[in-house]
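Structural characterization, general
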Amino acid sequence: MKLLIFLLGVGLVAQPVASRLLSLAPSRGGWVMYLANVVLETLEKRLPFSRWWAEGGLIVFGCVLLFLGSGMAWLAWLVVVLHLLLVLQNQLRERAVVNAVYADQEWVGLRGATSDRPGYPAPGLHPWLSLNVEGPFVARWPELDLGLLLAGTEVNLALLVGNHSRVPTQTPVNVMLDVPEGWLVRSEATLELPVMQSGEVQRVAWTLRPSEGGGPGRVGVRVLASRFERSLSIHHAGCRQVDSDMIESVSVTRYPGGRCSAFSWRGDMDLYDSASFQDIEGLKAALELGRRYGIAQTLFLSTRLSLSEQDAREWADRYGVVRGAEEIPRFVDWLRENVSLCYSCPYPAQSPKPYLMELGNHGHLHYDTDTAGAPGNQWKAGARPGEGRYPWTREDGSSFGDQRENIREAMRWCERLLGFVPRSWAKPGRGNDRFTPSAVEAAGCEVATGSDIRIRDNVLRQPWPHHPAGTRIVELTARYPSDPQHIQHVAMLQFWMHRAHRLGIPMVMLVHQHMRQFDGIACARFTEYLVRYALERFNGDLYIDTVYGIGVWWRDVLNEETRRVDVVQEEGRIRVANHTDRDMTDLPLDLRLKGGACTTWLVSVPAGGEVVLVPGNVGS
C-alpha cells in the first residue's frame, strides 16, 4: 500500500516539474514538457482556478504522498526545493524575454575608453543584427553546407543583414568574405554598408569561382558593427569535374532557396473593436512588428463587423455597447493608404507602403463566438454553420451552402472595399464540420487552415500539409497554443517549431492581430521572440512566407499528386518545366551523384516556361 501511495506521489509531482523543463523544447524529449503543460492548460479550463494554483496543489499533494509512502521528509522537501528552483529559472527566462531589446547596452562609455577597448557615448544601444545566407546549400542545419562544387560552375552567395531591433546601428556595418586560396571572387570581398535603420535589410551578393581539384574547405563571412561581431562558416566538400552520366538522381523536395521547412504568422481579426485592440492602433502594433522583421503576416479578416459600419452598429446596439463601429470607414481608408496586400511575399518582405500583409478570408459572419449574433439567427451568440438564414445565404440554407456563401460574401466585401480577393481561408472559432473543406473549395479559396481539423489535431498532432478528403485545397494546420501568454506557452511553440524543422512540416503560428494588448505587453513580446527565433535559430532553414505562399508551393512543387513543376533528366541535360501561372524563384534542384556526393542548383523558371541545364555550365 505504501508503495502505491509513493508511486502516486511521484506521478503527481512529476507532472508540474516536467512542465517547467523548458530546455527540452528543441529535442524529441520536448513531448514530456509539452504534454505536461497541456494537462495544466486542461485543468485551468475545467476547474474554477488558474493553472498556477493547480500546479501548486499537485506539488503539495504529491509531496504529502511521497512522505506518507516513504517516510522520508527530506525527499518531499527536496522536490519542493527543486520545483521552486525551476519556477525561479522560468521566471528569470520570462523576464529576460519580456524585457529584451535585442541590442547590447553601451557599458564602456567615453570616459572608460582605452586604446584596446574603444568606447561609445553612454547610454546607448548596439543592435544585434540578423544574418541569413542565401545560396545553393545541400543542407543548412546543423551547419551551412554547399556539398560538392562542380568545376566550371560559379557559386552565387548572398548575405542578408537585417537590423530588426528598435534602434539604428551607431556605425556603418563592415562585411568581410574569406575564401580558400585559389578561388576567384567576382565582386568586392570586403565592403562597408551604411548605418542601418530599424527594420532595414541589406543584401550583399558575391559570385565565386572555386578552384578545380580542391578538397573540402570552408568559406567564412564576418560582420562587424560597433559592438556587434559575428562570424559564419560555410562548408563545402571540394570541387571537381562532374559529367552528366555521374548524376544518379535529380529531385525537388524542399522549399525555395533549399530550405527544409517553412514558417508563417497567421493572425485573425474577428471584428473592428476599440475595446479589444482590434482597431487601427491595435493592428498597427502587429503590422509594425512584421515590418520591422521583414515578415508579411497573413491577416484573416471576418468582414461583417470589420468592414460594414451598419452591421457593426446594429450588433453593438443589440448588446447595449459602443465598440468603435463609427471608426470603420476610417479603418477602410487607412488600410487602402497604408497597407499593401499580397498573396505571397517571402522574407525580407518589402513594400512601397508602410505595411505589407496577405489578406485572408475569415468568413463574413464569424461563427462560434459572441460576434456570430445576427438577425438571421435570432441573435444567437456562438451560432454555427446552418443555424441561420442570412441575406447572402440565398436558397441553400444547409451547412455546406451557409459556409460557401459566407466565404463568398467576405470575398465580395474585400474586393469591393479593398480591391483584393483573398485566396486563403481560416476557420472562425471552432465553426467547422464535415462540409467545411468542400465549402471552402466551392467558394474559390485554394489554401485553408482549420478546415478538417479537430481539437486533438491542433493540440496533440502536427498534421502534414494535405488535401482534405474530396478536395484540392491545401490544409495547413495552426499550432497550439495561440497567443502566447507566458514562458511555458513560448516553450510549447518552440517545441512545435523544432519538430516542424526536423520533419519538414510547415509551422503556422496563430497570434491574433490584437496580440492580447488588452491583457498587457507580454503576448506582443513573446510573439517578437518567436518570430526572431524562427528567423535566426535554424540558419535560415525555415522559409518564411504567407499562409498562401507556403500552401501553393507545397501543392505545386512538393506534393507528388498535384505538383506542376516537372524535372526530367535526359540526354545529358536536366529540363525543368513550370506549368503554373507564377514565376518560380530559387527552385532547389538536389543532385545526388554516384558515390554519394550531393550538390544543389537554385533555378528560376518563368510562369509557363522551362529551362534546360547542363552540368558544368550552370550558374548556381
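Description of the structure in this document. In this text, all values refer to a predicted model and were calculated from it rather than measured experimentally. (Residues numbered from 1 in each chain as written. Predicted model: local features only at pLDDT ≥ 70, side-chain atom pairs only at ≥ 80, totals over all residues. Heavy atoms only, no water.)

1. What about the overall build of the protein chain?
In terms of regular secondary structure, the protein chain is built from 14 helices and 29 strands. For 620 residues, the compact-globule estimate of 2.2 N^0.38 gives 25 Å, and the protein chain sits close to it at 27 Å. Counting over 620 residues, the protein chain shows a buried share of 55%. Considering only intrachain contacts with a sequence separation of at least 6, the fraction spanning at least 24 residues in the protein chain is 69%. Accessible surface for the protein chain amounts to roughly 26000 Å². Of this, 54% is attributable to carbon and sulfur atoms. (Helix = DSSP H or I, 4+ residues; strand = E, 2+ residues; numbered from the N terminus. Rg over C-alpha atoms; globule rule 2.2 N^0.38 Å. Buried < 20%, exposed > 50% of the residue type's maximum accessible area, 1.4 Å probe, protein only. Contact = heavy atoms within 4.5 Å. Areas by Shrake-Rupley, 256 points an atom, 1.4 Å probe, with all protein chains shown as cover.)

2. Here's the deal with the sheet that holds strand β6 (residues 155–162)
Spatially, four strands are ordered β3-β6-β10-β8 in an open sheet, and the strand pairing comes out antiparallel. What marks the edges here is a single partner per strand, and that holds for β3 (130–134) and β8 (184–185). Sheet topology note: the β3/β6 ladder contains five bridges and is antiparallel. If you follow Ser130 over to β6, its bridge partner there is Gly162. (Pairing = 2+ DSSP bridges.)

3. Re the packing of helix α5 (residues 280–293) against helix α8 (residues 328–338)
Contact geometry of α5 with α8 gives a least axis separation of 11 Å together with a crossing angle of 25°. Classed by the angle they form, the pair α5 and α8 counts as roughly parallel. Residues Ile280, Leu283, Lys284 and Leu287 of α5 pack against Arg330, Phe331, Trp334 and Leu335 of α8. The class makeup of the residues in the contact of α5 with α8 is six nonpolar, no polar and two charged. (Axes fitted to C-alpha atoms, helices over the stretch in contact; angles between N-to-C directions. Parallel < 35°, antiparallel > 145°, perpendicular 65-115°, else oblique. Nonpolar A, V, L, I, M, F, W, Y, C, P; charged D, E, K, R; others polar.)

4. Some points on the side chain of Glu134
Checked against the element boundaries, Glu134 lands in strand β3. Here Arg203 takes part through its side chain, which lies 3.2 Å from a polar atom of the side chain of Glu134. If we skip the residues at most four places from it in the chain, Glu134 touches Arg140, Asn156, Leu157, Ala158, Leu160, Arg203 and Arg259. (Polar contact = N/O pair within 3.5 Å; in protein donor to acceptor, adjacent residues only side chain to side chain.)

5. What about the pairing of strand β27 (residues 584–593)?
Along β27, seven of the 10 residues are buried, which leaves the element largely enclosed by surrounding structure. When strand β14 (residues 247–251) meets β27, the two strands line up antiparallel, connected through four bridges. Across the sheet, residue Ser249 finds its bridge partner in β27, namely Arg592. In this structure, β27 lies alongside strand β28 (residues 598–605), joined through seven bridges in antiparallel fashion. Considered in β28, the bridge of Leu589 is made with Trp601. Adjacent in sequence and paired antiparallel, β27 and β28 are bridged by four residues, among which Gly595 carries a positive phi angle near 100°.

6. Looking at the sheet that holds β27
Here three strands make up an open sheet; going across it, the order is β14-β27-β28 and the pairing antiparallel. Where the open sheet ends on each side, the last strands, each with one partner, are β14 and β28. When strand polarity is set aside, the average angle formed by the axes of neighbouring strands in this sheet is 25°.

7. With respect to the environment of Leu460
Relative to the helices and strands, Leu460 is located in helix α11 (residues 455–460). Sequence separation between Leu460 and Tyr480 is 20 residues; the distance between their C-alpha atoms is 8.4 Å.

8. Topic: a nonpolar patch on the surface
On the surface, Val60, Phe61, Val64, Phe67 and Leu68 cluster together into a nonpolar patch covering about 460 Å² of accessible area. As for its position among the elements, Leu68 is in helix α3 (residues 51–70). (Patch = residues over 30% accessible without salt bridge, like charges linked within 9 Å, V, L, I, M, F, W, Y side chains within 5 Å. Salt bridge = Lys/Arg side-chain N within 4 Å of Asp/Glu carboxyl O.)

9. What about the packing of aromatic side chains?
For any pair of aromatic rings, geometry is given as the distance between the ring centres together with the angle between the planes. Taken as a whole and judged by the stated rule, the model has 18 aromatic pairs. Judged by centre distance (5.6 Å) and plane angle (85°), the ring pair of Trp31 and Trp496 falls under edge-to-face. Of this pair, Trp31 sits in helix α2 (residues 30–46) while Trp496 sits in helix α12 (residues 487–503), placing them 465 residues apart in sequence. Take Trp31: its relative accessible area is 27%, and that puts it in the partly exposed class. (Phe/Tyr/Trp six-rings, centres within 6.5 Å; stacked < 30°, edge-to-face > 60°.)

10. Examining helix α4 (residues 73–98)
Taking 1.5 Å per residue as the helical rise, α4 with its 26 residues ought to reach 38 Å, and the 38 Å between its terminal C-alpha atoms agrees with that figure. Those residues of α4 lying buried are Leu75, Ala76, Val79, His83, Leu86, Asn90, Glu94, Val97 and Val98. Looking at the buried residues of α4, the elements they touch are α1 (2–19), α3, α12 and α13 (522–536). (Expected span 1.5 Å × (residues − 1).)

11. With respect to the packing of α5 against α13
Packing of α5 against α13 leaves a shortest axis separation of 11 Å and a crossing angle of 25°. On the basis of their axis angle, the class for α5 and α13 is roughly parallel. In this structure, α5 meets α13 at a crossing whose hand is right-handed. Residue-level inspection shows Leu289, Arg292 and Tyr293 of α5 in contact with α13, the latter providing Ala524, Thr527, Glu528, Val531, Arg532 and Leu535. Residue composition of the contact of α5 with α13, by class: five nonpolar, one polar and three charged. (Left-handed = near helix turned anticlockwise from the far one by under 90°.)

12. Section: α3
Look at α3: 28 Å from first C-alpha to last across 20 residues, which is about the 28 Å you get at 1.5 Å a residue. Where α3 is concerned, the buried positions are Arg51, Ala54, Glu55, Leu58, Ile59, Gly62, Cys63, Leu65, Leu66 and Gly69. Relative to the axis of α3, the buried residues are bounded by an arc of 165° and lie together on one face. In α3, the exposed positions that point more than 90 degrees away from the buried face belong to Trp53 and Val60. (Arc of directions from axis to C-beta.)

13. Overview of unusual backbone geometry
For the bond running from Trp141 to Pro142, omega is 5°, close enough to zero to count as cis. Looking along the chain, the bond that leaves Tyr480 and enters Pro481 is cis, with omega of 0°. Here Pro481 lies in the loop between β22 (478–479) and α12. In this model, Arg394 sits at a positive phi of 65°, which is unusual for a non-glycine residue. Position of Arg394 relative to the elements: it lies in the loop between β18 (355–361) and α9 (399–418). One non-glycine residue, Glu571, lies in positive phi territory at about 50°. In this fold, Glu571 is placed in the loop between β25 (565–570) and β26 (573–578).

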